Structure formats: C-alpha cells, structure tokens
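Survey of secondary and tertiary structure
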Amino acid sequence: MSLIDALPARLGERAVELNAADAAAGEFVLFWAHHALRVHENPALETAALLALKLDLPLLVYQGLGGRHRYNSDRHHRFILESARDFAGELPSVGLSLAFHLPADPTERGPLHDLIGRSAAVVSEIYPVPPFPGWYEAHRSRNPDRPWLLVDAACNFPMPLGRPYTRAFQFRKAFGSELDQRIGRDWEPHADWPRPFEGDPGFGPFDLGDALDEAIARCRIDHSIPPVADTPGGSHAGYARWSDFLEGGLDNYARLRNDAAIDGVSRMSPYLHYGCVSPFRIAREARAHGGKGAEKFLDELLIWRELSHHFCFHAEALESLAALPDWARSTLTDHQSDPRSTQYDWEQLLRGVTAEPLWDLAQRSLLRRGELHNNVRMTWGKAFLPWVDRPQRALKFAIDLNHRLALDGNDPNSYGGLLWCFGQFDRPFEPPSRIFGTVRGRSIKRHASRLDMGRYARRVSLPAGGRRLRIAVLGAGLSGLAAARVLHDQGHDVAVVDKARGPGGRMSTRREGDYRFDHGAQYFTARDPRFLRHVLAWQERGVVEEWNARLGVIDDEGLGPERTPVTRYVPVPGMNAVCRDMAGDLPDCRYGWRAEAARFDGECWHLSRSDGETLTAELLVVTAPPAQATQLIDSPELSDRLAGVELLPCWTIMAVFDRPLLEDVDAAFVNAGPLAWVCNQSSGPQRPAHHAWVLQATPEWSLAQLEEDPERVTQSLIAAAARLPKARPVAVEFASAHRWRYSIARTPLNEGALWFDDQRLAIAGDWCHGSRVEGAFLSGVAAAGRIMGS
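First things first, this report covers the structure right here in the doc. (Residues numbered from 1 in each chain as written. Predicted model: local features only at pLDDT ≥ 70, side-chain atom pairs only at ≥ 80, totals over all residues. Heavy atoms only, no water.)

The next thing to look at is the sheet that holds strand E12 (residues 551-555). Taking strand neighbours across the sheet as the criterion, the seven strands line up as E13-E12-E21-E22-E23-E20-E24 in an open arrangement whose pairing is mixed. Here the strands that pair on one side only, and so sit at the sheet edges, are strand E13 (558-561) and strand E24 (732-745). On average, adjacent strands in this sheet sit at an angle of 20° to one another, irrespective of strand direction. Sheet analysis places strand E20 (residues 647-657) next to E24, joined by ten bridges and oriented antiparallel. Bridging from a neighbouring strand, Val656 pairs with Phe734 of E24. (Pairing = 2+ DSSP bridges. Helix = DSSP H or I, 4+ residues; strand = E, 2+ residues; numbered from the N terminus. Axes fitted to C-alpha atoms, helices over the stretch in contact; angles between N-to-C directions.)

Spatial strand order, E15-E8-E7-E19-E26-E25: six strands in an open sheet with mixed pairing. Whereas interior strands pair on both sides, the edge strands pair on one side only; in this sheet they are strand E15 (589-591) and strand E25 (754-756). Strand-to-strand twist across the sheet, computed as the mean angle between neighbouring axes with direction ignored, equals 15°. As paired strands, strand E7 (residues 470-474) and strand E8 (residues 493-498) are joined by five bridges and run parallel to one another. Among the inter-strand pairings, Val473 is bridged to a residue of E8, identified as Val496. Sitting on the sheet, helix H22 (residues 478-489) is in contact with E7, E8 and strand E19 (619-622), with an inclination near 165° to E8. Against the sheet, helix H29 (residues 773-789) touches E7, E19, E25 and strand E26 (761-763), its axis set at about 165° to E19. (Contact = heavy atoms within 4.5 Å.)

Here we take up the packing of helix H12 (residues 292-314) against helix H19 (residues 412-420). Contact pair H12 / H19: the axes reach a minimum separation of 8 Å and the direction vectors enclose 95°. In terms of orientation, H12 and H19 fall into the roughly perpendicular class. Contacts between H12 and H19 pair Trp304, Arg305, Ser308, His309, Phe311 and Cys312 from the former with Pro412, Asn413, Tyr415, Gly416 and Leu419 from the latter. Its residues placed into classes, the contact of H12 with H19 shows six nonpolar, four polar and one charged. (Parallel < 35°, antiparallel > 145°, perpendicular 65-115°, else oblique. Nonpolar A, V, L, I, M, F, W, Y, C, P; charged D, E, K, R; others polar.)

Taken as a whole and judged by the stated rule, the model has zero disulfides. With no disulfide of its own, Cys276 has Cys155 as its nearest cysteine by sulfur position, at a separation of 16 Å. The exposure class assigned to Cys276 is buried, which follows from its relative accessible area of 0%. We note that Cys579 lacks a disulfide partner, and the nearest cysteine sulfur, in Cys589, lies 11 Å from it. For Cys579, a relative accessible area of 0% gives the class buried. (Disulfide = S-S within 2.5 Å. Buried < 20%, exposed > 50% of the residue type's maximum accessible area, 1.4 Å probe, protein only.)

Here the focus is the packing of aromatic side chains. Enumeration according to the criterion identifies 39 aromatic pairs in this entry. Here Phe157 and Phe175 contribute two aromatic rings whose centre-to-centre distance is 4.4 Å and whose plane-to-plane angle is 25°, an arrangement assigned as stacked. On the criterion of sequence distance, the pair formed by Phe157 in the loop between strand E6 (148-151) and helix H6 (168-182) and Phe175 in helix H6 is long-range, its members being 18 residues apart. A residue is classified by how much of its surface remains accessible, and Phe175, at 9% relative accessible area, is buried. By the ring-pair criterion, three or more aromatic residues cluster together here, those being Trp32, Tyr127, Phe132, Trp135, Tyr136 and Trp148. A cation over a ring is seen here: Arg281 above Tyr239, with NZ or CZ 3.8 Å from the ring centre. (Phe/Tyr/Trp six-rings, centres within 6.5 Å; stacked < 30°, edge-to-face > 60°. Lys NZ or Arg CZ within 6 Å of the ring centre and 35° of its normal.)

The step from Glu430 to Pro431 runs through a cis peptide bond, and the omega angle for that step is -5°. Mapped onto the fold, Pro431 is located in the loop between H19 and helix H20 (444-449). With omega at 5°, the peptide bond leading from Val572 into Pro573 counts as cis. A positive phi angle, close to 50°, is found at Glu41, a residue other than glycine. Among the secondary structure elements, Glu41 is positioned in the loop between strand E2 (28-32) and helix H2 (43-55).

This is the structure in structure tokens:
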C-alpha cells in the first residue's frame, strides 16, 4: 500500500512519492528538515509524525548544514542556525528534539545517507529548485528500498495538485476560488505525536545554544557576506515582523508597495523562504484584517508566489534559457550578438560599481541588507541582458548574485522573479528592440526619475551590522586588501597602512632600470571556488591571465616535465596588478607608513609611527608576519597564540643574462641543491622580452644563510643555477639579491583568520590559510567576516 494512502486527505494531497516502496525494517522514521523550520502548521512534519505512529516507531528530526550548497555564506548560515534554534526550541512542545549537523569541512561525509539507511521511511519537504531535486535523487538512488515522501509545506494550494501555468491570470482563473476557500479554514492541529528517537544518531549533534559566530567562523564557507543585523532568523523574529506589518503596514500596502524609498512592504520573504512562519497563518490573518492593502498582499502571496512554486515544481530546467517560453528563448537567441556598449564582469556587478546609480544602490541593498525591493528587482534584473555578452550568461549572473546575497535567494519565488526579467510569465512586446528583442525592457534611468533617490540611498546604505565602524588594516598585501575591500563594500570606514611604497606585499613587482622582476610570488593557482570566482572576474577584466609556460622539474635524475600540470595565473603586467586593482577602490591607503607601536586602550586602537603621526580605529586587522605582529602589539594572549607559528625565509636573486638560462623550459621546480625555483620572467604574459630570471633558494638554505652578505648569496645561487642540468653558459648583465625574511610557514594554520574579541583584533595572512596566494586572499576575507559577525 502506498504511504500516501495511509494519510488523511489534507496531508495526502500535499505528498508525492519520491520512492514508492513498502515501509522497511528500520529504527525510526526520519524527517529531514530544511525549508519548513517550524512545528506549528507544518504538514511535512505532521506527515512524518503520522507515519511514525502507524509504524509504531520513534521519529528522528534531522537537519544538516554541510556547507556544500554553492551559496553558503555567513549570512545564510546565521539565518539558518537562528531559525533552527527556534525550531529546536519548539519541538519539545510535542515531545521531539532536533539532531543538527554542522561540519566545518564541506567535503566531510555527512550522516544523512546512513540515517536514511537506518530508517523505515523518509519524509522531507517539496523544495523544487536546485540543488534539492538533485540531492533527493542522489540519496534515493543510494537507498532504493527506502520509501520516501516529499510534502508541500510552502503553498496554500498544494503543488502536487497544480499545473505549470506561465501567466498569473491563468493561475488566478484556475485556482483563485479554491485558494479563497482554503484560506478561510483554520489549520487542523495535529492531535498525537510519536515518541522521539533517543538512540545514537551516529554523529555528535551541534548544540544550537553555542556561540554561533564562532561556529560559523570555523565553517569553510564564504565569509565575505555578513549576517544581516536587523533580520535575524527564526519563527520568533518572523512573527514579530509580521505582527508589526499587520498592525502598521498592511492597510497602506496597495498604495506604497512599489516605492522602494519607503518601508511599505512586509519583508517577510526570508521567513517564508525557510518556512519559519506558516503561509497558512499569514494568509488567514491578512484575510481577517481585510481592506485593499490585504487584498493586494494576498494576490502577491497566493497568486504570484504560488504561481512560481507550481511552475518550478513542474519545470525540468530553471537555470537555462530552456526554462523560458519558446518566443522569449527565440528572440533572445536572435539578438544575442547585438553589440553591448558596456559590459561588466561578475565582481564589478557583485560590488555594484557600474555607471548606473540606481542599479548600484539596488546591488548595495543586496550586498549589505540581503534584500531587494520587488519593484526594484525587476529593473535590477533587466539590466543583465545589455551588460553581459550572452543571454544565458546574463541569466547565470542574475541567479548567482540574487541567490548568493539575498536572504530569500534560491527560492522558487526568486526563480519566478528572475525568469520574468527574461520573458517568463510575460508576453512579447513589439516591435523588437536591440538585445531584448520582444522581451519587455525596463529603463533604469526612468525608474530612477520617479524614485526619491536620496531617500532610497539612505535606506540601503546602512553599514553591515548597523553602525559605521572605523577600522585600520595594517598591511597592503593581498590579505590586508581583501579584508579592507570587503569591509569598505559593507559600508565601513577603512584605512590601510603599509611601510612599502605601494601595494603588493609578497606579490610585489621590482623595477631595476628597464628590467622588471616578480621577485616574490611568481604565480598563483585557484583551487578553492571562493577564490576562483574572483580570479575569473579578474581574468575577464584583464587583470590576470593564464600562464601557459613550459614548466619542468629538476631533481637528481635531471630535468623532466611537470608531473601534474595545473592552471596557473599571473597578474598583468606585474604580480602587483591585482593588489593595485583592489587598492584603487579604497579611499584611504597610506604607503610609506611604518607603524612603530599599536596600543589598545579598551575602546580604540592607536597606531603611531616615528614622526608622531597617529591613526585611531575601533578595530584593527594585522596582516604582518607573526614575529612582527607580536613585536608591535603587547598582548600575552596574542603571543601565546602565535608562538608555534614559524615563517621560513627565502633568498631571491633577480638576474639578467645574455641568453636564457634554460632552453627547454621557462621555469622549473628544483628538488636538489640550494635552489627551489628558477623562472624566466619574460615567459609571463605582457612581460618585457629581456632575459630576466628569478632564482629562489630553498627555505632551509635561506635559513642557514639568513644573515649572509647579499653579494655572497648572489654569487652562490648564480653558481648553483649554472650547475643545473641543461643549464646554458650565460653572462650575468645584472644581479641583485632580496631577502624575504618571512616567506613561507613551516606548518601553516588552517583557521582562516584569528580573532581576539576582547581586543577587537583580527590577525590574517597566508600562513593562517595554507601559505599560498589563494590562502592570503581567503584569510583576509575571513578576518573581515570575523569583524562583521562579532
């Protein structure tokens, strides 16, 4: 017998069988919660409870936050954890508890597969947008003998009963009267509840009473996107916001809802997205309130919102042009080669640095507040087509930025709104226009002209956390600049100081007359997707290029090819180009500024240099090497924490020869003798054609020769280069040595960044995150995340 047949009609109509199997032998019925985080009026949870009672088994309520979702960030993690905390607090009212899994490493194997294998039946929520359908199918295929039910807990008119209408008037005509009848009914409370599963779930559940900021900081997620201070997660916050709107905003909703400069909307979408509040209760109470405002609100809630859910439930593709009606797909394809006068890359769009003030303010609202007024979202979403070279890519960017930043992102309603910008739920508009074809256009300038831009700017410009902070960043290398730019983009007042003449740190480029040397980092890789998406944007903007050099390996057996080729990138025209690009957006970067002392008085940091100039800030980010950080800051706690971190030196020779040192390769890793690396600088893109080479010694040799005379070091390493297999006799036209006293960590930490809350101090650097360029960037971002999340 189908499990659906065992359900009362009010639950059975909401359920679909993911796996049609008889109940299996198992320890419990499993309820996998993710987007219905409430006990009250939750048909998915009630379905699981009823099956557990019928099978005379306990019920295990499980929720996981593994970090594998492509949009995981501090913002989404915080909202989900706060929502789970309220959910866990409500479950004891029916005798149940929540087993919550929160790993730090997203590659860690989660417990869900094993829990499914131990269950007699599985119940979860219908959530019809990526990645959940794929996750459902993956788990189902691994457990083909376990019955699965998916239950709609999001819509007043159940998704399994609907059809994939693509026009609101069609949906309204088909289901409007049915919806009208349904919202007049009270939700029938569940009478009996099963016993909880009290055995070993097979993992250590996360204690939702713990400090969430510390737990989030340990997770390998995107730390550049902070929580939204005035939108905490959970049922308590959701119903508090709803109550305020019901009493003070609903009457004016029809009149004010389209004005983004006025707080005239409910802002309930994040709470509906994660199921913290019941859509049945929201509809009931709006209907009971009555009036034109309630009438318009219910049209948005019941028609437009549920139209999108039903469409997504039946759609096979949501993130490609295939999701669009034939006419829209055809006209966009016909016009995809139309010239674009302006194009922006992903990072420029993410940061909201276009030539359109309204669009930038809309993006600022997403970046800082995690929300976008629905009327502005339509204008915001239409801008991607003329700014991105292909319609498919424009759709991809719109989906990425909305889902990554918006607290209600990755929702069926989000897909509905974004696809509308490309023609879905709409009709053709003749005559065809450039780029859009017959897809409806929307003028940013015209929208701005009817909006109080000053008022809107004030609404969306509040800094992350609610208050503008004065933050000093010590170090203009990649870590410091990554931290500074994230904090600046989030609305804080940031000053960067560095003793050097310009930005770069170990990504610096040295000029010696006509010669140019990347004498620190020679290239970088991008293995982590959090870094890679920025690298690809830099590449599109022309700041970096792939380095397609001939690389070899030199060892005792001679010169051979690189064993495992990887994609390597180099900034152009020199390694410091990325840092210069990042620093160019920051209003307060001070070079030649050597900090002699840093003192914290309990309220502020005071940095001073030898000439008496001081800099005062509420928070401090230090990206100096550990030895220099502890020398600058008198803090036993800091000294203890950094005591075990040792950075090894690197002697580097910059030399110009009369011919290439090695003819068969452009660069080589050296695994024998005092050298570790040799590289022809002209092999990099946009480098001068001189025979300029960089020779870098091993950490061990550099440490042994740390205080050696630079001229003797130069002689020794050039002589070692001459002894390399297949090295050609060369004449030295120029040579100079540079000692990197702090180059690479002997044993790098894997903590992202260090945060000392009582001192308002963050410590970052590549040694915090794996000792690579990628690690430097991610560490700086993590430091910014600790500040914004604290």
